[in-house]
Amino acid sequence: MKTFVTIVGVAVIALALGALAGQLWRESPPVPALDRSEGVDVGDPAPPFRHADIHGQFVSIEDYAGQPVLINFWATWCAPCVREMPMLQDYAEQHEEQIELVGIAIDEPGNVRDFIQELGITYTILIGTTDVMQTQREYGNANGMLPYTVLVDGDSTVRWQHLGEVKPQHLEENVTPLL
């Protein structure tokens, strides 16, 4: 009887470890289609926004007039957001003369400040809650899922929208050619 209990115990532990390993190493789940029932679409003028940065200074989309800006909606508690941020930082550094990168966090200021300092993020970070969720809807993401990224060109026209984790190939195929 002890042998049976031992075998069952080992099997349960093996299944649990297998499930945990599967969660850790699997790719991001498929992202549902972008709900564009509200807000702009590619080719539309970018809507205005005004949010505070991590220092309490207000920043608006008009501050970037004449230059392309990549806007990334994110949160510290969003795993795909966390995974893509170092890659976005690298992209911002590689193309610093061609594009502005603005992260807009749906989170509390203290959480965001500590988080970006820990990751070494130097691009502009704006913070808010319900106001940021409203901006995200206006930018074409009615379902409010994260992460969500939008490219606005120098003429303030939306050129690209992406729901889900951004990968380097997404930027190379959709953003870099428009710079």
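Overview of the structure.

**Digging into the overall build of the protein chain**
- Check the secondary structure of the protein chain and you find five helices and seven strands.
- Starting at the N terminus and walking to the C terminus, you meet the elements of the protein chain as α-β-β-β-α-β-α-β-α-β-β-α.
- Across the 179 residues of the protein chain, 42% fall into the buried class.
- Sequence-distant contacts in the protein chain: of pairs separated by 6 or more residues, those separated by 24 or more amount to 67%.
- Here the protein chain displays about 9800 Å² of accessible surface, and carbon together with sulfur accounts for 56% of that area.

**Considerations on the nonpolar core**
- Counting 47 residues, the largest nonpolar core has L70, I71, W74, I116, I125, Y139 and L171 as the members making the most contacts within it.
- Elements represented by at least two residues in this core include exactly β3 (69–74), α2 (79–94), β4 (100–106), α3 (109–119), β5 (124–128), β6 (148–152) and β7 (158–163).
- Among residues more than four places away in sequence, those in contact with Y139 are V40, A46, P47, F49, I61, I71, F73, Y148, V150, V152 and Q161.

**What to know about the state of the cysteines**
- Tallied over the entire structure, the rule returns one disulfide.
- One disulfide in the model links C78 with C81; its S-S distance is 2.3 Å. Handedness of the C78-C81 disulfide follows from its S-S torsion of about 75°: it is right-handed. Exposure class is identical for C78 and C81. Each is buried.

**Brief notes about the pattern of salt bridges**
- Here the structure, examined in full by the defined rule, presents three salt bridges.
- For E165, the salt bridge goes to R83, with nearest N and O atoms at 2.9 Å. Placement of E165 in the loop between β7 and α5 (168–174) and of R83 in helix α2 is noted, with a sequence separation of 82 residues between them.
- Assessed through its relative accessible area of 11%, E165 is described here as buried.
- Between K167 and E165 there is a salt bridge, with its nearest N and O atoms 3.5 Å apart.
- Within the structure, one salt-bridge network assembled from shared partners comprises R83, E165 and K167.

**Structural notes on a negative patch on the surface**
- A surface patch of like charges, here negative, comprises D90, E93, E96 and E97.
- Relative to the elements of secondary structure, E96 occurs in the loop between α2 and β4.

**Some remarks on the pairing of strand β1 (residues 50–53)**
- Relative to strand β2 (residues 58–60), β1 is paired through three bridges, and the arrangement is antiparallel. Bridged to R50 within β2 is S60.
- Hairpin connection, β1 to β2: the antiparallel pair is bridged by four residues, and G56 has positive phi, about 90°.
- As judged from the two bridges shared by β1 and β5, these two strands associate in the antiparallel manner. Opposite D53, over in β5, you have L126 as the bridge partner.

Reading the values: rules and limits
- Residues numbered from 1 in each chain as written.
- Predicted model: local features only at pLDDT ≥ 70, side-chain atom pairs only at ≥ 80, totals over all residues.
- Heavy atoms only, no water.
- Helix = DSSP H or I, 4+ residues; strand = E, 2+ residues; numbered from the N terminus.
- Buried < 20%, exposed > 50% of the residue type's maximum accessible area, 1.4 Å probe, protein only.
- Contact = heavy atoms within 4.5 Å.
- Areas by Shrake-Rupley, 256 points an atom, 1.4 Å probe, with all protein chains shown as cover.
- Core = buried A, V, L, I, M, F, W, Y, C linked by side-chain atoms within 4.5 Å.
- Disulfide = S-S within 2.5 Å.
- Salt bridge = Lys/Arg side-chain N within 4 Å of Asp/Glu carboxyl O.
- Patch = residues over 30% accessible without salt bridge, like charges linked within 9 Å, V, L, I, M, F, W, Y side chains within 5 Å.
- Lys, Arg positive; Asp, Glu negative; His and termini not counted.
- Charge placed at Lys NZ, Arg CZ, Asp CG, Glu CD.
- Pairing = 2+ DSSP bridges.

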